[in-house]
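These are the residues of each chain, in order.
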Amino acid sequence: MRVSVGDVALYFDVDGGGLAPDGDRMRERPTLLLLHGGPGADHSLFKPETSALTDVAQLVYLDQRGSGRSDAGEPSDWTWTRWADDVAAFCRTLDVTRPVLVGSSSGALVAVVCAARHPDLVAGLVLDSALGMPTTLDETLDVFERRGGPVAREAARRYLGGDRSDESTAAWREHCLPLYGAAGAGSDLASRIARARMNNEVQLHFQDGGCGPAEIAPYGADITCPVLVLAGAHDPVSPAAGAQRLPDALPNTDVDVHVLPGVGHSVLRQAPDEATALIRGFLKRLAAAA
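What you are looking at is a predicted structure, and each value in this text was computed from that prediction instead of being measured.

**Structural notes on the overall build of the chain**
Here comes step 1: Within the chain one finds nine helices and 10 strands.
Here comes step 2: The principal-axis extent of the C-alpha atoms belonging to the chain is close to 65 × 40 × 35 Å.
Here comes step 3: Sequence separation of at least 24 residues holds for 74% of the intrachain contacts in the chain that already meet a minimum separation of 6.
Here comes step 4: Just so you have it, the chain exposes about 12,400 Å², and 50% of that area is on carbon and sulfur atoms.

In structure tokens, the structure reads:
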């Protein structure tokens, strides 16, 4: 389905009911609003794993502006703040109240910015392999080297340092992209990317800095809702060291950090049973607090 939000139409999909029979009444269930990564990917990267949560929540998948089946809009609006404000406008348009934002990779940064700019909207945050955690390039390169040896470190250093030549890009794809997956296991990332609707222009816009600084810390003091952090011990993109520092960057709320062993980038994809169990527990705590 598509809905007009400001100057664009955004695509969304819904999995599970918002109301569930409970004796002689209909019980309202929480809404999980899922925000994909990339930036420039689409919501399909979450599927099918997150469907396991439909017994406890209604899942709403949103393709962000410029991504998937949503309108592209203007490239100047492919920013963290615009994407965050789109989430808030989307919720107002469809009367989605107090959702829990589930963001993966760059979608986690969009979720954080939304919660900071619209604190009355968001009931909680689930940040999976979040982009923008307080970490360093050296820590990222260290994980690439630990996983793939010196050749992976050098390929990552060149590509992440801004070298987008054909040679550098080919080395990145050969030596680094496979390391997004769980250590010692085959990755299905290639097949997921193949079936996703990717907007490479958004990715290039991001790589050129057009989305704005990719940092959570500037928004940290404005986050007041509870936060669940999921991180992979073998994630070279969002190193676990950054996840462990995140509570210090979010001083005004409770932050629950879980680092899962043997997992790379995207805990929801690579350790779905553990991730969904943690989200279930998080939802129970939110309900108890409410």
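**Let's talk about the pairing of strand β3 (residues 19-22)**
Here comes step 1: Of the pairings in the sheet, the one linking β3 to strand β4 (residues 25-28) comprises four bridges and is antiparallel in character. Looking at β4, one finds that Ala20 is bridged to Arg27.
Here comes step 2: Where β3 hands over to β4, the hairpin turn is made up of two residues, of which Gly23 adopts a positive phi near 65 degrees.

**Brief notes about helix α2 (residues 106-117)**
Here comes step 1: Taking 1.5 Å as the rise per residue, α2 with 12 residues should run 16 Å; its terminal C-alpha atoms sit 17 Å apart, in good agreement.
Here comes step 2: By the criterion of burial, α2 is predominantly enclosed, with 11 of the 12 residues buried.
Here comes step 3: Among all positions of α2, only Ser106, Gly107, Ala108, Leu109, Val110, Ala111, Val112, Val113, Cys114, Ala115 and Ala116 are buried.
Here comes step 4: For α2, the elements touching its buried residues are β5 (31-35), α1 (80-94), β7 (100-104) and β8 (124-128).

**Looking at the sheet that holds strand β10 (residues 255-260)**
Here comes step 1: Strand order across the open sheet formed by eight strands is β1-β2-β6-β5-β7-β8-β9-β10, with mixed pairing between neighbours. Each edge of the sheet is formed by a strand with only one pairing partner; in this case those strands are β1 (2-5) and β10. Averaged over all pairs of adjacent strands, the angle between strand axes in this sheet comes to 20 degrees, irrespective of strand direction.
Here comes step 2: Note that β5 and β7 share four bridges and pair parallel. Across the sheet, Leu32 pairs through a bridge with Val100, a residue of β7.
Here comes step 3: With respect to the sheet, α1 is in contact with β1, β2 (8-15), β5, β6 (58-62) and β7, its orientation differing from that of β1 by roughly 110 degrees.

**Some points on the packing of aromatic side chains**
Here comes step 1: As enumerated under the stated definition, the model contains seven aromatic pairs in all.
Here comes step 2: Where Phe144 meets Trp172, the ring centres are 5.6 Å apart and the plane angle is 65 degrees; that geometry is what we call edge-to-face. Remark: Trp172 occurs in helix α4 (residues 166-175) and Phe144 occurs in helix α3 (residues 137-160); sequence separation between them is 28 residues. The residues Phe144 and Trp172 share a single accessibility class, namely buried.
Here comes step 3: Taken together, the ring pairs connect Phe144, Tyr159, Trp172 and Tyr180 into an aromatic cluster.
Here comes step 4: The ring of Tyr61 carries the charged tip of Lys47 above its face, separated from the ring centre by 4.7 Å.

**Observations concerning the pattern of salt bridges**
Here comes step 1: In this structure the tally under the stated criterion is 18 salt bridges.
Here comes step 2: In this structure, Arg27 engages Asp22 in a salt bridge whose closest nitrogen and oxygen atoms are separated by 3.5 Å.

**Overview of the pairing of β7**
Here comes step 1: Burial analysis of β7 places five of its five residues in the buried class, the great majority of the element.
Here comes step 2: Burial of the side chains of β7 extends over both faces: Val100, Val102 and Ser104 are buried on one face and Leu101 and Gly103 on the other.
Here comes step 3: Note that β7 and β8 share five bridges and pair parallel. Paired with Ser104 across the strands is Asp128, a residue of β8.
Here comes step 4: Once you follow β7 into α2 and on to β8, the crossover reads as right-handed.

**A short note on the packing of α3 against α4**
Here comes step 1: Where α3 meets α4, the closest approach of the two axes is 8 Å, and the angle between their N-to-C directions is 155 degrees. The pairing of α3 with α4 is recorded here as roughly antiparallel in orientation. Handedness of the crossing formed by α3 with α4: left-handed. Along its contact with α3, which presents Phe144, Val151, Ala152, Ala155, Ala156, Arg158, Tyr159 and Leu160, the element α4 presents Glu167, Ser168, Thr169, Ala171, Trp172 and His175.
Here comes step 2: For the contact of α3 with α4, the class distribution of residues is nine nonpolar, three polar and two charged.

Criteria and thresholds
- Residues numbered from 1 in each chain as written.
- Predicted model: local features only at pLDDT ≥ 70, side-chain atom pairs only at ≥ 80, totals over all residues.
- Heavy atoms only, no water.
- Helix = DSSP H or I, 4+ residues; strand = E, 2+ residues; numbered from the N terminus.
- Contact = heavy atoms within 4.5 Å.
- Areas by Shrake-Rupley, 256 points an atom, 1.4 Å probe, with all protein chains shown as cover.
- Pairing = 2+ DSSP bridges.
- Expected span 1.5 Å × (residues − 1).
- Buried < 20%, exposed > 50% of the residue type's maximum accessible area, 1.4 Å probe, protein only.
- Axes fitted to C-alpha atoms, helices over the stretch in contact; angles between N-to-C directions.
- Phe/Tyr/Trp six-rings, centres within 6.5 Å; stacked < 30°, edge-to-face > 60°.
- Lys NZ or Arg CZ within 6 Å of the ring centre and 35° of its normal.
- Salt bridge = Lys/Arg side-chain N within 4 Å of Asp/Glu carboxyl O.
- Right-handed = clockwise from strand over helix to strand, strands pointing away.
- Parallel < 35°, antiparallel > 145°, perpendicular 65-115°, else oblique.
- Left-handed = near helix turned anticlockwise from the far one by under 90°.
- Nonpolar A, V, L, I, M, F, W, Y, C, P; charged D, E, K, R; others polar.

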